[in-house]
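# Observations on the three-dimensional arrangement
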Amino acid sequence: MEISAYVKYVGVNDHQVDLFEGQYKVPNGMSYNSYVILDDKITVMDTVDGFFTEEWMNNVEQVLDGKMPDYLVIQHMEPDHSASIPAFLKKYPKVTVVSTAKGFQFMEQFFPEFFAGQGLPAEQRIVAANDGVLELGQHSLHFVYAPMVHWPEVMMTYEATEKILFAADGFGKFGALDVEEEWTDEARRYYIGIVGKYGPQVQAVLKKAAGLDIQTICSLHGPVLKENLGFYLEKYDKWSSYQPEESGVVIAYASVYGNTRNAAEYLADVLQEKGQKTVLYDLARCDKAKAVADAFRYDRLVLAGITYNGDLFPCMRSFIEGLTERNYQNRKVAIIENGTWAPMAGKLILGMFEKSKNLTFTETTVSIKSAMNAQNKDEIGKLAEELC
Ligand SMILES: Cc1cc2nc3c(=O)[nH]c(=O)nc-3n(C[C@H](O)[C@H](O)[C@H](O)COP(=O)(O)O)c2cc1C
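Residues numbered from 1 in each chain as written. Predicted model: local features only at pLDDT ≥ 70, side-chain atom pairs only at ≥ 80, totals over all residues. Heavy atoms only, no water.

We count it as follows: UniProt positions are given in the numbering used here, feature names are shortened, and annotations may be inferred rather than shown by experiment.
Per an unreviewed UniProt entry, the protein chain carries the name FprA family A-type flavoprotein and comes from Waltera intestinalis. The Sequence similarities (unreviewed entry) field of the UniProt record for the protein chain holds the comment "In the N-terminal section; belongs to the zinc metallo-hydrolase group 3 family."

## Considerations on the overall build of the protein chain
Rule in force here: Secondary structure elements follow DSSP: runs of H or I no shorter than four residues count as helices, runs of E no shorter than two count as strands, and numbering proceeds from the N terminus. Type-normalised accessible area, obtained with a 1.4 Å probe on protein chains alone, sets the label of each residue: buried when under 20%, exposed when over 50%, and partly exposed for intermediate values. Every accessible area reported is derived by Shrake-Rupley at a probe size of 1.4 Å, with residue values counting cover from the shown protein chains alone. His is not counted, nor are the chain ends, whereas Lys and Arg count as positive and Asp and Glu as negative. Where a charge sits is defined by one atom per residue type, namely NZ (Lys), CZ (Arg), CG (Asp) or CD (Glu).
Counting its secondary structure elements, the protein chain contains 13 helices and 21 strands. Projecting the C-alpha coordinates of the protein chain onto the three principal axes gives extents of approximately 75 × 40 × 35 Å. The burial tally for the protein chain puts 57% of its 388 residues in the buried class. Roughly 16200 Å² of accessible area belongs to the protein chain as shown, and the carbon and sulfur atoms make up 50% of that amount. Charge centroids of the protein chain, computed over 37 positive and 53 negative side chains, lie 6 Å from each other.

## Overview of helix H8 (residues 229-240)
We count it as follows: An expected span of 1.5 Å times one less than the residue number is assigned to each helix. It is the directions from the helix axis to the C-beta atoms that the arc portrays. Contacts between residues were defined by any pair of non-hydrogen atoms, one from each residue, lying within 4.5 Å.
For H8, which comprises 12 residues, the first-to-last C-alpha distance of 16 Å matches the rise-based estimate of 16 Å (1.5 Å per residue) to within 8%. Those residues of H8 that fall on the buried side of the exposure criterion are Leu 229, Tyr 232, Lys 235, Tyr 236, Trp 239 and Ser 240. Taken down its axis, H8 places every buried residue within 125 degrees of arc, on the same side. If you follow the buried residues of H8, they end up packed against helix H6 (183-195), helix H7 (199-210) and strand S15 (216-218). Tyr 242 occupies a position one or two residues after H8 and carries a positive phi of about 60 degrees.

## Overview of the sheet that holds strand S12 (residues 140-145)
Let me state the cut-off plainly: Here the rule is simple: two strands pair whenever DSSP picks up at least two bridges between them. A fitted line through C-alpha atoms represents every axis, and for helices the fit uses only the stretch in contact; the resulting angles, taken between N-to-C directions, go from 0 to 180 degrees.
The mixed open sheet is built from five strands, whose spatial order is S11-S12-S13-S14-S15. With one partner strand each, in any of the chains shown, strand S11 (133-135) and S15 form the two edges of the open sheet. Going from strand to strand, the sheet's axes swing by 20 degrees on average, the running direction of each strand aside. The pairing of strand S13 (residues 155-159) with strand S14 (residues 164-166) spans three bridges and is antiparallel. Its bridge partner lying in S14, Thr 157 is registered against Phe 166.

## A closer look at the site of the ligand
Applicable threshold: Near is defined per residue: the residue qualifies when any heavy atom it owns lies within 4 Å of the molecule or strand. By the criterion applied in these results, polar contacts are pairs of N or O atoms within 3.5 Å in which, for protein atoms, one can donate a hydrogen and the other can accept it, and in which residues neighboring in sequence qualify only through two side-chain atoms. With a 1 Å grid spanning the protein atoms alone, the term cavity applies to any set of points in which a 1.4 Å probe fits but cannot get out, the term pocket to an open set with protein on both sides within 12 Å along at least five of seven lines, and the term lining residue to any residue with an atom within 4 Å of a point. For a molecule to be placed in a cavity or pocket, more than half of its atoms must lie within 2 Å of the grid points of that cavity or pocket.
Taken together, the neighbourhood of the ligand is formed by 18 residues, with Ser 255, Thr 260, Thr 307, Gly 310 and Thr 340 sitting nearest. A distance of 2.8 Å is found between an oxygen atom of the ligand and a side-chain nitrogen or oxygen belonging to Asn 338. Protein burial of the ligand: of its 610 Å² of free accessible surface, 87% is covered by the chains. When atoms are counted within 2 Å of each cavity's grid points, the one that captures over half of the ligand is the largest pocket. Counting residues per element, the ones that place at least two in the shell around the ligand are helix H9 (259-273), strand S18 (298-308) and strand S20 (331-339). Tallying contributions element by element places S18 first for the shell around the ligand, with three residues.

## With respect to the domain arrangement of the protein chain
What counts is decided by this rule: Residue ranges for the domains originate in an automatic or database domain assignment. A simple way to read buried area is as the amount of 1.4 Å-probe accessible surface that goes missing from two parts once joined, with both sides added. Counted as salt bridges are all cases of a side-chain nitrogen of Lys or Arg within 4 Å of a carboxyl oxygen of Asp or Glu. The nonpolar class holds Ala, Val, Leu, Ile, Met, Phe, Trp, Tyr, Cys and Pro. Asp, Glu, Lys and Arg form the charged class, and all remaining residues, Gly among them, are polar.
The domains assigned to the protein chain are domain 1 (7-241) and domain 2 (246-387). Opposite the 10 residues of domain 1 that make contact, domain 2 presents 13 residues. Roughly 990 Å² of surface becomes buried between domain 1 and domain 2 when both sides are summed, with 51% attributable to carbon and sulfur atoms. Contact with domain 2 buries surface across domain 1, with Arg 188, Arg 189 and Ile 192 losing the most and accounting together for 49% of the total. Seen at the junction of domain 1 and domain 2, the total is two salt bridges. Between Asp 185 and Arg 297 there is a salt bridge whose closest N-O contact spans 3.5 Å. On inspection of domain 1 and its partner domain 2, the count reaches five residue pairs in polar contact (both at pLDDT 80 or more). Only strand S4 (24-25) and H6 provide two or more residues apiece to the side of domain 1 that touches domain 2. Per element, the largest residue contribution to the side of domain 1 that touches domain 2 is five residues, and it comes from H6. When its residues are assigned to classes, the side of domain 1 that touches domain 2 shows two nonpolar, three polar and five charged.

## Considerations on empty space enclosed by the protein
Worth spelling out the cut-off: Grid points are joined across faces, edges and corners, and a volume is the space filled by probe spheres set on the points.
A complete count under the given rule lists two cavities of 30 Å³ or more for this structure. Quantified by volume, the largest cavity comes out at close to 80 Å³. Around the largest cavity sit 13 residues that line it, and Met 156, Phe 171, Val 202, Val 205 and Leu 206 are the ones nearest its centre. Looking at the lining of the largest cavity, the elements that each hand over two or more residues are H6, H7 and H8. No other element matches the four residues that H7 contributes to the lining of the largest cavity. Class assignment for the residues of the lining of the largest cavity results in 12 nonpolar, one polar and no charged. By volume, the second largest cavity is sized at about 30 Å³. As for the second largest cavity, its lining consists of Asp 185, Arg 188, Arg 189, Lys 290, Ala 293 and Asp 294.

Right under this line is the structure:
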């Protein structure tokens, strides 16, 4: 794929991966992106996952067309981007590696035979400085540190001539490039899941990016973004400031025999009659990452859960942890609990949010004893009022 006359795409698609980063289902696979900048100094931007080293090396060789690369820029050391460094160094032993100091530290940890002791000599290493510049000829690379987006060593790279931001994992999405799909849902699930915890750090990078004239965004995952970049920057600004994108109520329930599900569905009906957008999640069966992403997408959340051996049903606990570990905030939250002999779910749910900021809990908490009764229906009606 040609980004421009001088910048070529040499990445790969992965349809083998079952769980990306060991937890995310990716029905449309993943892409591991890498780019070659052809100039006086030929530069390769990042490598790819170790399962695709050979394919990637062939892609690079095709674009090099017999020439030798001068630089290998490593923006992010996570193995889905760094695992092919050793093969690349074996094939191109004269290349100079460019990365942050922490990037080199991680290279020594992951690939000691190439970077520790007698490894790559100092004259073949360039430690990129924050705001540092590397001239390639017509192109110049400006390094923008992006620590904890989402690892500590990460930097992004702005190429000033063609106004390209090589964004490391930023602006990425789940899904291989040979699958046509709308960007937002899988970019949101990817961002909230992988980067969501680091909103302040993303905000810091967005502030630096605001000063750059960016016309193309080349992420390490997902499509190259060329048009309407304001849309993507606005999404990242909203997601990283923990603001809801849309008005709507996510109703996430954890039910074994269906009584709590009935209450959740009844609430959804009442809210829909009031013109509210609702999204229901059966936490025992849904894609948790999707439910977490929607909890950040919408402005209201209802947690409907059973008491389970004096605790929360595991899928409810895991879902709430998925929210709190990503700094869930700025939302209105309601609770429907169920217990047959000693309902505790409401108290336990509330306790899990005690360290969270800017959450408003409804006055009404609905407490069901085994199965929803007429009084519970009235309480759910009141709850719906509070949620509108
Ligand atoms: C394995 C199991 C353990 C339960 N433990 C408790 C409990 O400790 N305290 C309690 O009040 N109810 C307990 N319950 C009852 C549930 O909280 C709930 O009332 C019942 O499952 C009906 O809701 P459901 O149809 O949504 O599952 C338990 C239910 C199950 C299946």
